[in-house]
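Below, each chain spelled out in residue letters.
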Amino acid sequence: MKILVCISCVPDTTSKIVIDPATSQISSQGLTFIVGPYDDYALSRAIEIKESHSAEVIVLHVGTAESEPLIRKCLALGADSAVRIDGNPISSNQIASAIVDYVKANPVDLILMGKESIDYNSGIVHGLVAGALGYVHFNPVMHLDMIADGLHLTVEMDGGKMEVNCTLPAVLGCQEPIAEWKIPSMRGIMTARTKEILILPLGSPSEVQLVKADIAETARKNKMIIADEAEQLIDLLRTETNVL
Amino acid sequence: MKKVAILAQTKEGQLSEQTKQLISFVSAFHPEQIKLFIIGDVKFSTVPSSVPVDLIQLSADLYADSESVATIANGLDNFSVFGIKSIQIDNMLSLLAANTKKDMISGIQKLSYSSDKFSISKSIFSGKASLELSTSTASFFSINRNFDFSRISEYSELAFKSSSSIEKTNTNKASIVSILPITGSIPLPDAAIVVGAGRGLKDPGNWTIVEDLAKALGAATACSKPVSDLNWRPHHEHVGQTGVKISPNLYIACGISGAIQHLAGVNGSRIVVVINNDPEAPFFKHADYGIVGDVNDILPRLTKKLQSH
Ligand SMILES: Cc1cc2nc3c(=O)[nH]c(=O)nc-3n(C[C@H](O)[C@H](O)[C@H](O)COP(=O)(O)OP(=O)(O)OC[C@H]3O[C@@H](n4cnc5c(N)ncnc54)[C@H](O)[C@@H]3O)c2cc1C
Ligand SMILES: Nc1ncnc2c1ncn2[C@@H]1O[C@H](COP(=O)(O)O)[C@@H](O)[C@H]1O
C-alpha cells in the first residue's frame with residue numbers, strides 16, 4: 001500500500017505578514033516556515049498506518065528549494081521518500097495539476113492532504129486532485145481506520161458529521177483529531193539525511209494572474225469597561241454598534 | 001457570464017439569506033440562464049432574480065459520493081459556477097471544477113466582471129491579507145460568508161422556469177454508515193453572535209454561565225483548542241487556525257488569552273468583546289470592548305442585564 005502525503009510549507013502563524021513594495025507581493029523575508037498544521041495531521045496518520053499496516057509513505061511538495069529543511073523533517077518523522085515539484089505555484093489548480101501528473105505516472109492507493117493550507121485557506125486542492133483522478137474524495141476527515149476492503153472514516157459535514165465506508169484509491173483532506181502530531185526522533189533525523197528527495201519540474205503555468213497583495217487591517221475600538229460597570233457593555237453594544 | 005450556475009444550500013427547505021443575495025448578485029450581470037442546484041429539500045417556490053431560473057434538486061446523499069457529483073459536471077460546460085463557502089459547497093465545486101477542467105478560486109471577498117474578465121479579491125492568511133487576482137479562465141467561485149453584497153439592487157421574486165432532480169448513482173465506492181447531526185444548538189458557522197470560552201473557565205462544569213449568556217443573546221457557543229483537547233467541549237466548537245473560522249457580528253471571548261492561533265479563527269468578527277482577569281492578556285489588543293474581571297462574576301451579571309430587558 002502506497003500513501004502519498006501532500007504538504008504545504010507556510011509561514012508560521014505568529015509571523016507578521018508584510019508586502020514587498022517593489023513587487024506588491026507578500027515578502028518571504030524574515031518569515032519562519034512550517035509544514036501546514038493540517039498537513040502535519042495527515043502525515044502523522046500516514047506514519048501511524050505505516051507502523052500498523054506496513055505502508056510506504058511518500059511526501060510531496062510543490063514549491064522551491066527553500067522548503068527542503070521541512071521536507072527533511074517529514075522524512076525524519078518516518079516518511080520513506082519525498083518528491084519536490086520545483087516552482088513557485090500561484091494557484092490551487094497549478095498545485096493540483098502537478099500532483100495529478102505525478103500520481104498518473106506513479107500510482108498510489110491513498111492520498112492524504114490537510115483540509116486547508118493556512119496561507120491560501122482555499123481548502124480545495126484535495127477536491128481538485130480527486131476530481132481529476134476520479135478517486136473517492138472526503139474532507140475534512142476526523143478519524144481514519146483501515147478496514148478489509150477500504151477505509152472507515154468519520155467526516156465533518158455542514159451541520160454535523162457522518163461515518164462512511166469507502167474503497168481505495170481515495171483522496172482525503174485531514175483535520176484533528178485524526179492523529180497526534182509527532183516529534184522526530186534522533187534516529188529519524190539521522191536516517192532522514194540519506195533519504196532521497198526527487199526533484200521534478202513544475203509543468204503548467206497558472207492561468208490565474210496575480211495582480212497584487214494587500215494587508216487587511218481590522219481597526220478595533222479598544223475601549224475598556226471597568227468590571228464594576230460591566231453591565232454597561234450591553235448598553236454600548238445596543239447604542240454604539242447595533243449588533244444587539 | 002452568459003450562463004451561470006449556483007450551488008445552493010438549504011436549511012429546513014429554505015434558501016439561506018446569503019444564497020438569496022448571491023442569486024440577486026449574479027442576475028445583475030444579466031446572464032441568459034441561471035441553473036440553481038439545491039442540496040436537499042425544497043420548500044420555496046420563488047427566487048430573487050431578474051433572470052429565469054432552472055431549479056435542479058440534488059438528493060441529499062449525492063454529496064457524499066464524488067462519482068455522483070461528477071455526473072453533474074456534464075451539463076456545466078461554459079457555465080460560471082458560484083457557491084457560498086462551506087464544507088459541502090467547496091468539496092462539490094472543486095470536484096466539478098476538476099471534472100470540467102476549469103480553474104477554481106475559493107475564499108472570495110470581492111468580485112467584479114467586465115469584458116469577459118473576473119477581478120477578484122481573495123482572503124488569505126485567515127483574513128490577515130488579501131490577493132487581487134484577475135482571470136478570464138476560472139469558472140468556479142466560492143464566495144466568503146462575509147462577502148459584501150450590500151450594493152445589490154432589489155429584484156422581484158421569480159417562479160422557476162423548470163424544475164428537475166438528480167439522484168445519487170449506485171457506485172458502491174462510498175456508502176454512508178450513519179449521519180450525526182449537531183442538534184439543539186445554533187451551528188457555529190451560521191451564528192450572528194458567538195460566545196467563546198477558554199481554559200479560564202477552569203472546569204467543564206462551569207460552562208453553564210457561558211451557555212446562559214449565549215442563550216440570553218441567542219448566540220452559538222465556541223471554545224479554544226485546549227478546551228476541546230481536554231474534552232471539556234465537543235471538537236466542532238473549537239475555533240481558530242486548526243478549528244472553525246467564524247465571522248459573526250459579535251464575538252464575546254471569555255477566559256481566552258488571545259493566542260495568535262485562536263485569533264486566526266475569529267479575526268473576521270465585526271465586533272469583539274474580551275473578558276479576562278489578566279489585564280495583560282494579549283486578546284485585549286484585538287478587542288473593541290474589554291472588561292478586566294472574573295468570568296464567574298461578569299458573565300452572570302451580563303446575562304441578568306440581558307434578561308431584565
Ligand atoms: C499549530 C497550533 C495550532 C493551534 N490552533 C489553535 C486553534 O485553532 N484554536 C485555539 O484556540 N488555539 C490553538 N492553538 C493553541 C493556542 O496557541 C493557545 O494555546 C490556546 O488558544 C490557549 O487557549 P486558552 O486561551 O483557552 O487558554 P490559556 O492560554 O490558558 O488562557 C486562559 C486565559 O484565561 C484567563 N483566565 C483565567 N482565569 C480566569 C477567570 N476566572 N476569569 C477570566 N479570565 C480568566 C487567563 O488570564 C488566560 O488569559 C494552537 C497552537 C498551535 C501550536
Ligand atoms: N504547494 C503545495 N504542495 C503540496 N501540497 C499542497 C500545496 N499546497 C496545498 N497542498 C495540499 O492541499 C491541501 C489544501 O490546500 P488549499 O486548497 O490551498 O487550502 C493542503 O493542506 C496540502 O495538503
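Structure first, text after, so check above.
The rules behind these values
Residues numbered from 1 in each chain as written. Chains lettered and ligands numbered in written order. Predicted model: local features only at pLDDT ≥ 70, side-chain atom pairs only at ≥ 80, totals over all residues. Heavy atoms only, no water. Near = heavy atom within 4 Å. Polar contact = N/O pair within 3.5 Å; in protein donor to acceptor, adjacent residues only side chain to side chain. Helix = DSSP H or I, 4+ residues; strand = E, 2+ residues; numbered from the N terminus. Nonpolar A, V, L, I, M, F, W, Y, C, P; charged D, E, K, R; others polar. Contact = heavy atoms within 4.5 Å. Buried area = accessible area lost by both parts, 1.4 Å probe. Salt bridge = Lys/Arg side-chain N within 4 Å of Asp/Glu carboxyl O. Pairing = 2+ DSSP bridges. Axes fitted to C-alpha atoms, helices over the stretch in contact; angles between N-to-C directions.

A.B. asks: Give a detailed account of the site of ligand 2, specifying residues and quantitative values.
C.D. replies: All names here are of chain A. As a matter of local geometry, ligand 2 sits amid 16 residues, with Cys6, Asp39, Val62, Ser117 and Gly123 nearest to it. Here an oxygen atom of ligand 2 sits 2.7 Å away from a polar atom, N or O, in the main chain of Cys6. Measuring from a nitrogen atom of ligand 2, one finds a backbone N or O atom of Ile7 at 3.1 Å. Looking at the shell around ligand 2, the elements with two or more residues in it are strand 6 (56-63) and strand 8 (110-114). Looking at the shell around ligand 2, the element that brings in the most residues is strand 6, giving three residues. In terms of residue class, the shell around ligand 2 is built from eight nonpolar, six polar and two charged.

A.B. asks: Residues and numbers for the site of ligand 1, please.
C.D. replies: Neighbouring ligand 1 are 26 residues; Arg199, Lys202, Ser224, Ser257 and Gln261 of chain B lie closest to it. Proximal residues around ligand 1 fall on chains A and B, making this an inter-chain site. Between Gln241 of chain B and ligand 1, the recorded distance is 2.9 Å, taken from a backbone N or O atom to an oxygen atom. One of the backbone nitrogen or oxygen atoms of Thr242 of chain B is found 2.9 Å away from an oxygen atom of ligand 1.

A.B. asks: Could you give an account of the interface of chain A and chain B, with specific residues and numbers?
C.D. replies: How big an interface is tends to be stated in terms of accessible area lost as the parts join. Contact with chain A, which involves 84 residues of that partner, is made by 83 residues of chain B. Carbon and sulfur atoms supply 56% of the area that chain A and chain B bury against each other, a total of about 7000 Å² over both sides. Joining chain A to chain B, the criterion identifies six salt bridges. Between Asp235 of chain A and Lys305 of chain B there is a salt bridge, with the nearest N and O atoms lying 3.1 Å from each other. The tally of links between chain A and chain B comes to 55 residue pairs in polar contact (both at pLDDT 80 or more). Of all the elements in the fold, those that place two or more residues in the side of chain A that touches chain B are helix 1 (37-53), helix 4 (125-133), strand 9 (136-147), strand 10 (150-157), strand 11 (160-166), strand 14 (209-215), strand 15 (223-225) and helix 6 (232-239) of chain A. Its residues assigned to classes, the side of chain A that touches chain B comprises 40 nonpolar, 24 polar and 20 charged. In the sheet, strand 15 of chain A pairs with strand 18 (residues 289-292) of chain B via three bridges, with the strands oriented parallel. When the sheet's bridge partners are listed, Lys223 of chain A is paired in strand 18 of chain B with Tyr289 of chain B.

A.B. asks: Which residues make up the sheet that holds strand 13 (residues 197-201) of chain A, and what values do they have?
C.D. replies: Across the sheet, 10 strands lie side by side as 13(A)-7(A)-6(A)-1(A)-8(A)-12(A)-9(A)-10(A)-11(A)-13(B); this open sheet has mixed pairing. The open sheet has two edge strands, strand 13 of chain A together with strand 13 (174-181) of chain B, and neither has a second partner. Shown here is a sheet whose adjacent strand axes are inclined to one another by a mean of 30°, direction ignored. Pairing geometry for strand 9 of chain A and strand 10 of chain A, over six bridges, is antiparallel. Among the inter-strand pairings, Leu144 of chain A is bridged to a residue of strand 10 of chain A, identified as Leu153 of chain A. Here helix 3 (residues 92-105) of chain A sits on the sheet and contacts strand 1 (2-6), strand 6, strand 7 (81-86), strand 8 and strand 13 of chain A; the angle it forms with strand 6 of chain A, its principal contact strand, is near 145°. Against the sheet, helix 4 of chain A touches strand 8, strand 9 and strand 12 (170-174) of chain A, its axis set at about 160° to strand 8 of chain A.

By themselves these figures say nothing about function.
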